[in-house]
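Now for the letters of each chain:
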Amino acid sequence: MTDNEKLAELLFPDITLTPQQYEERYPARNLPDGARVTRFAPSPTGFLHIGGLFAAMTARLTAKATGGVFFLRIEDTDKKREITDGVTEIVKGLSAFGITPDEGITGFDVENGAYGPYQQSKRREIYQCFAKELVRKGLAYPCFCTEADLTALRERQEAQSVNKGYYGKWAACRNLTFEAQSQAVEAGRPYTLRLRSPGDESRRITFDDLVKGKIEMPENTQDIVLLKTDGIPTYHFAHAVDDHLMRTTHVVRGDEWIASVPVHLQLFKCCGFKPVKYAHIAPIMKEENGGKRKLSKRKDPEAAVSYYIEQGYPKESVIEYLLTLANSNFEDWRRANKDAPQSDFPFNLKKMSASGALFDLQKLNDVSKNVISLMTADEVYQAATAWAQQYDEVLYRLLTANEAFAKGIFRIDRGTAKPRKDIAKWSEVRDFVTYFYDALYTPDYTLPDNLTPAAAAEILRAYLNVYDHTDGKDAWFARIKELCAPLGYTPNVKEYKKDPQAFKGHVGDVSTVIRIAVSSRRNTPDLHAIMQLLGEEKVISRMRAALKFYEEA
Ligand code: GLU
């Protein structure tokens, strides 16, 4: 036995499986050529960030576009930072937006797939097996340096103005003899396991990032920590082992990891793994005071995906919006394929912007209004009711008390060639339906500046005299037009514009008065449909109440 082999046995006496056995347990996946295997690998250390959802969506689309597999792995090696329900939050957050993994973690302590466990805390022996192999090959060694030793090292390096870190001649434990190592281990001294980096600072590495393009960086020379003193791997080592054994082909992750690629490629090489391909995506940015900054978990409520759920954005809207950020050609595609499902979009990683996309809530609202405008009244009813059940009890009761009536509201101006785009999120539904429900309705008879209460009273008095609830839409409008001339208004807007002095106003003003009397709004969808749904009695009593108000004003 060589000293390295003896050291490997000394450090990992309980590890009996060999890397070869793991290679056989997790064989190459049986997928068509070009199929990509991707993953989302969050740490359960906080709420799911919109950037996380974006990364997960991108990874999933990449897999789907190539007939591959997308899986969810939980990176829970840092138990100190983990939050209660962290895993459940991630799974729930993803599934709320339809980002369902093909494989991996599917709930708290539940997973499916042949490449697990998919939770790093359950893979300790696997990491140790590969760590042991590195020790056998002389590519890893125990480091007994304490925090104080490392601080002292940093100070010496600072004083001499050299690169900081644990490398080359500065790596005190790199060349300990086997005797010294075994004595220290037997004496119970805590140690980390470090890579014996084969890197050379004069060499550079290059790799083709699928989003950022070709990147060149100095080779890694640091003897990075592979296993911490408790035997738990660092992110770097776990990434190499997991993505190799889970047969990931493409790692889609945040671009804060680019700086670590030299370490990662070196680890793949030292372990004898085929390297993965990387796609580093830029963070989602927010505009502030003319500048750009990352969306912040602390400052921006919209950073958490729970915000979109609470506000009641349909999942399709959020994904549709994220798609506009992901691929700049998405909007053109959408214009040409108005009704196509999102899954038909030919997503391409290479078309992602290399710099951070700006997150714009206004744009999300516009996208969402469009998405909702294409839904049927039944779909809107279902989704709005489901949202209200959680977040607005009063609205929930009203909508469900008379389903046909509620669906009638959502049917107005919907299903036409030019559907109305007025609702962006379910939390806006209450405001949208107030005038249909007395329980929500507070009259507000404020008139536009060009109309006086006396004029409004005159219009309402005349209209009440001729109102016929059985009128169809055309007859209804014809009747409003007929009202115009006797009252000094013109039914013809163009005519009014030509000579405004000749009239008190035009048909638009007359219908505005009626609209306000019925709904307290200056703007509504199809007023005839609204009046039909409200019913004759309510329409007349509302107009009478408004008339009284204007007469007394
Ligand atoms: N656990 C890492 C993180 O949450 C994952 C990075 C990766 O996708 O490799 O940032």
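This text goes with the structure placed above it.
No experiment lies behind these values; they were computed from the predicted model shown.

Engineer: Go over the overall build of the protein chain with me, naming the residues and quoting the values.
Structural biologist: Within the protein chain, the secondary structure is distributed over 23 helices and 15 strands. Here the C-alpha atoms of the protein chain give a radius of gyration of 33 Å, more than 25% beyond the 24 Å that 2.2 N^0.38 yields for 553 residues. Its C-alpha atoms give the protein chain principal-axis dimensions of about 110 × 45 × 45 Å. Out of the 553 residues in the protein chain, the part that is buried amounts to 51%. The contacts in the protein chain between residues at least 6 apart in sequence include a share of 73% that link residues at least 24 apart. About 26,700 Å² of surface is accessible on the protein chain, with carbon and sulfur atoms providing 49% of the total.

Engineer: Requested: an account of the sheet that holds strand β3 (residues 103-107), with residues and values cited.
Structural biologist: One open sheet accounts for four strands, arranged β1-β2-β3-β4; its pairing is mixed. With partners counted over all chains shown, the strands left at the sheet margins are β1 (37-40) and β4 (110-112), one partner each. Strand-to-strand twist of the sheet, defined as the mean angle between neighbouring strand axes without regard to direction, takes the value 30°. The strands touched by helix α3 (residues 50-65) are β1 and β2 (69-72); relative to β1, the strand with the most contacts, the crossing angle is about 165°.

Engineer: Tell me about the site of the ligand, and please be specific about residues and values.
Structural biologist: The full set of residues close to the ligand is Arg39, Ala41, Pro42, Ser43, Glu75, Tyr235, Arg253 and Trp257. Within the contact set of the ligand, a nitrogen atom lies 3.2 Å away from a side-chain nitrogen or oxygen of serine 43. Between the ligand and glutamate 75, the relevant distance is 2.7 Å, taken from a nitrogen atom to a side-chain nitrogen or oxygen of the residue. Protein contacts shield 80% of the accessible area of the ligand, which totals 300 Å² for the unbound molecule. Classifying every residue of the shell around the ligand by side-chain character gives four nonpolar, one polar and three charged.

Engineer: Describe the pairing of β3, naming the residues involved and giving the relevant values.
Structural biologist: The buried fraction of β3 is high, at four of five residues. For β2 and β3, the ladder comprises two bridges, and the chain directions are parallel. Within β3, the position partnered with phenylalanine 71 by the bridge is glutamate 103. Relative to β4, β3 runs antiparallel, the two being bridged by three bridges. Bridged to glycine 107 within β4 is valine 110. As consecutive antiparallel partners, β3 and β4 are separated by two residues, and within that stretch aspartate 109 has a phi angle of approximately 65°, a positive value.

Engineer: Can you lay out the packing of helix α1 (residues 3-11) against helix α7 (residues 178-186) for me, pointing to particular residues and giving the numbers?
Structural biologist: Here α1 crosses α7 at 5°, and the two axes come no closer than 11 Å. If you check the angle between α1 and α7, you find them roughly parallel. Residues Asp3, Lys6, Leu7, Leu10 and Leu11 of α1 form the contact with α7, whose participating residues are Phe178, Gln181, Ser182, Val185 and Glu186. Within the contact of α1 with α7, the residues separate by chemical class into five nonpolar, two polar and three charged.

Engineer: Can you break down the packing of aromatic side chains residue by residue, with the values?
Structural biologist: All chains considered together, the criterion is met by 26 aromatic pairs. Consider the rings of phenylalanine 207 and tyrosine 278, whose centres lie 6.4 Å apart with planes at 75°: the pair is edge-to-face. Placement of the pair is phenylalanine 207 in strand β7 (residues 204-209) and tyrosine 278 in strand β11 (residues 277-281), with a sequence separation of 71 residues. The exposure classification of phenylalanine 207 matches that of tyrosine 278, with both residues buried. Pairing phenylalanine 330 with tryptophan 333 gives two aromatic rings, centres 5.6 Å apart and planes at 35°, and the pair type is tilted. A residue pair is termed a helical-turn pair when its members lie 3 or 4 positions apart in one helix, as phenylalanine 330 and tryptophan 333 do in helix α12 (residues 330-336) at three residues. Taking the relative accessible area as the measure of exposure, tryptophan 333 reaches 14% and is therefore buried. Over the aromatic face of tyrosine 166 sits the side chain of arginine 194, whose NZ or CZ is 3.7 Å from the ring centroid. The lysine or arginine in question, lysine 297, covers the ring of phenylalanine 47, its NZ or CZ lying 5.1 Å from the ring centre.

Calculation criteria
- Residues numbered from 1 in each chain as written.
- Predicted model: local features only at pLDDT ≥ 70, side-chain atom pairs only at ≥ 80, totals over all residues.
- Heavy atoms only, no water.
- Helix = DSSP H or I, 4+ residues; strand = E, 2+ residues; numbered from the N terminus.
- Rg over C-alpha atoms; globule rule 2.2 N^0.38 Å.
- Buried < 20%, exposed > 50% of the residue type's maximum accessible area, 1.4 Å probe, protein only.
- Contact = heavy atoms within 4.5 Å.
- Areas by Shrake-Rupley, 256 points an atom, 1.4 Å probe, with all protein chains shown as cover.
- Pairing = 2+ DSSP bridges.
- Axes fitted to C-alpha atoms, helices over the stretch in contact; angles between N-to-C directions.
- Near = heavy atom within 4 Å.
- Polar contact = N/O pair within 3.5 Å; in protein donor to acceptor, adjacent residues only side chain to side chain.
- Nonpolar A, V, L, I, M, F, W, Y, C, P; charged D, E, K, R; others polar.
- Parallel < 35°, antiparallel > 145°, perpendicular 65-115°, else oblique.
- Phe/Tyr/Trp six-rings, centres within 6.5 Å; stacked < 30°, edge-to-face > 60°.
- Lys NZ or Arg CZ within 6 Å of the ring centre and 35° of its normal.

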